[in-house]
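# Inside the fold
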Amino acid sequence: GDSVTQMEGPVTLSEEAFLTINCTYTATGYPSLFWYVQYPGEGLQLLLKATKADDKGSNKGFEATYRKETTSFHLEKGSVQVSDSAVYFCALGNNRKLIWGLGTSLAVNP
Amino acid sequence: GAVVSQHPSRVICKSGTSVKIECRSLDFQATTMFWYRQFPKQSLMLMATSNEGSKATYEQGVEKDKFLINHASLTLSTLTVTSAHPEDSSFYICSARDSRGTPNNEQFFGPGTRLTVL
């Protein structure tokens, strides 16, 4: 069945460091791919999305490219801020459901 | 746009009581809503898919008599945890899909409800 594998955390970085959170997937058909973010004490928010191969989703300085050849959707940010501290979830949308990764906790220190 | 609310945000109840959680789509109609459960430091677990005007579809291993779902209107779905026990303590999250269609299966999430059963 469809699945999402996300790099385990926690990830701890200093402010202005480069961030990569790996996400790979297995799926039938042509899924959409998402990154959601959950800030401390808050609900899930859609961070970015991509609906087809080679699409790049971007928002708030974060980017992820839908790579069909490597079945990946890695999240990147060039310079993280303390306010980016949160849990990040990679998700796959297929057959009208969302399949979730386990989440990666990110802590950014000043 | 695309706001989903949940009520209550937090609830504490005694073991054996029932708790109802509401999920509302505030500015759109949702034929389909989803109920998730999130354990500490873990991913979201889909419990059931709620369809307006019909019975919910439960995921394998989720007791339908324990977690009653009612989706009586296009903007409201409720989850009732019946005869709650401490092991039901969790963070419950709902999401909704716009009835007008979301070609990329996008769901809009509520802020979640923290249930603590004493």
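Read on for an overview of the structure. (Residues numbered from 1 in each chain as written. Chains lettered and ligands numbered in written order. Predicted model: local features only at pLDDT ≥ 70, side-chain atom pairs only at ≥ 80, totals over all residues. Heavy atoms only, no water.)

All names here are of chain A. Of the pockets and cavities examined, the largest pocket occupies roughly 810 Å³. Elements supplying a minimum of two residues to the lining of the largest pocket: strand 1 (3–6), strand 10 (86–94) and strand 12 (104–109). Considered class by class, the residues forming the lining of the largest pocket number 13 nonpolar, 13 polar and 5 charged. (1 Å grid on protein atoms, 1.4 Å probe; cavity = no way out; pocket = protein on both sides within 12 Å on 5 of 7 lines; lining within 4 Å. Points joined across faces, edges and corners; volume = space filled by probe spheres on them. Helix = DSSP H or I, 4+ residues; strand = E, 2+ residues; numbered from the N terminus. Nonpolar A, V, L, I, M, F, W, Y, C, P; charged D, E, K, R; others polar.)

Right, let's get into the interface of chain A and chain B. Every contact between the two is made by 19 residues of chain A and, on the other side, 19 residues of chain B. Between chain A and chain B, the buried area comes to about 1,500 Å², and carbon and sulfur atoms account for 51% of it. On the chain A side of the interface with chain B, the three residues burying the most area are A:L44, A:R96 and A:W100, jointly 33% of the side's total. There are 1 salt bridge connecting chain A and chain B. We note a salt bridge from A:K97 to B:E59, for which the minimum N-O separation is 2.9 Å. Taken together, the links from chain A to chain B amount to 3 residue pairs in polar contact (both at pLDDT 80 or more). It is strand 5 (residues 32–38) of chain A that provides the largest number of residues to the side of chain A that touches chain B, a total of 4 residues. For the side of chain A that touches chain B, the per-class residue count stands at 8 nonpolar, 7 polar and 4 charged. (Contact = heavy atoms within 4.5 Å. Buried area = accessible area lost by both parts, 1.4 Å probe. Salt bridge = Lys/Arg side-chain N within 4 Å of Asp/Glu carboxyl O. Polar contact = N/O pair within 3.5 Å; in protein donor to acceptor, adjacent residues only side chain to side chain.)

Turning our eyes to something else, we now look at the pairing of strand 5 of chain A. Residue and element names in this part refer to chain A. With 7 of 7 residues buried, strand 5 is to be regarded as a mostly interior element. Sheet topology places strand 5 next to strand 10; 7 bridges connect them, and they run antiparallel. Bridge pairing in strand 10 places Q38 opposite V87. The pairing of strand 5 with strand 6 (residues 44–50) spans 6 bridges and is antiparallel. Within the sheet, the bridge partner assigned to L33 lies in strand 6 and is A50. Linking two consecutive strands that pair antiparallel, namely strand 5 and strand 6, is a turn of 5 residues; a positive phi of about 75° is found at G41 within it. (Buried < 20%, exposed > 50% of the residue type's maximum accessible area, 1.4 Å probe, protein only. Pairing = 2+ DSSP bridges.)

Taken as a whole and assessed by the stated rule, the structure comprises 2 disulfides over all chains. Each sulfur in the disulfide pair A:C23 and A:C90 lies 1.9 Å from the other. Residues A:C23 and A:C90 are joined through a disulfide that is left-handed, its torsion about the S-S bond being -70°. Here A:C90 lies in strand 10 and A:C23 lies in strand 4 (residues 23–26), a separation of 67 residues in the sequence. Judged by its relative accessible area of 0%, A:C90 is buried. Cysteine B:C13 remains unbridged, with the sulfur of B:C94 as its closest cysteine sulfur at 18 Å. The exposure class assigned to B:C13 is buried, which follows from its relative accessible area of 10%. (Disulfide = S-S within 2.5 Å.)

This is a description of form; function is not addressed.
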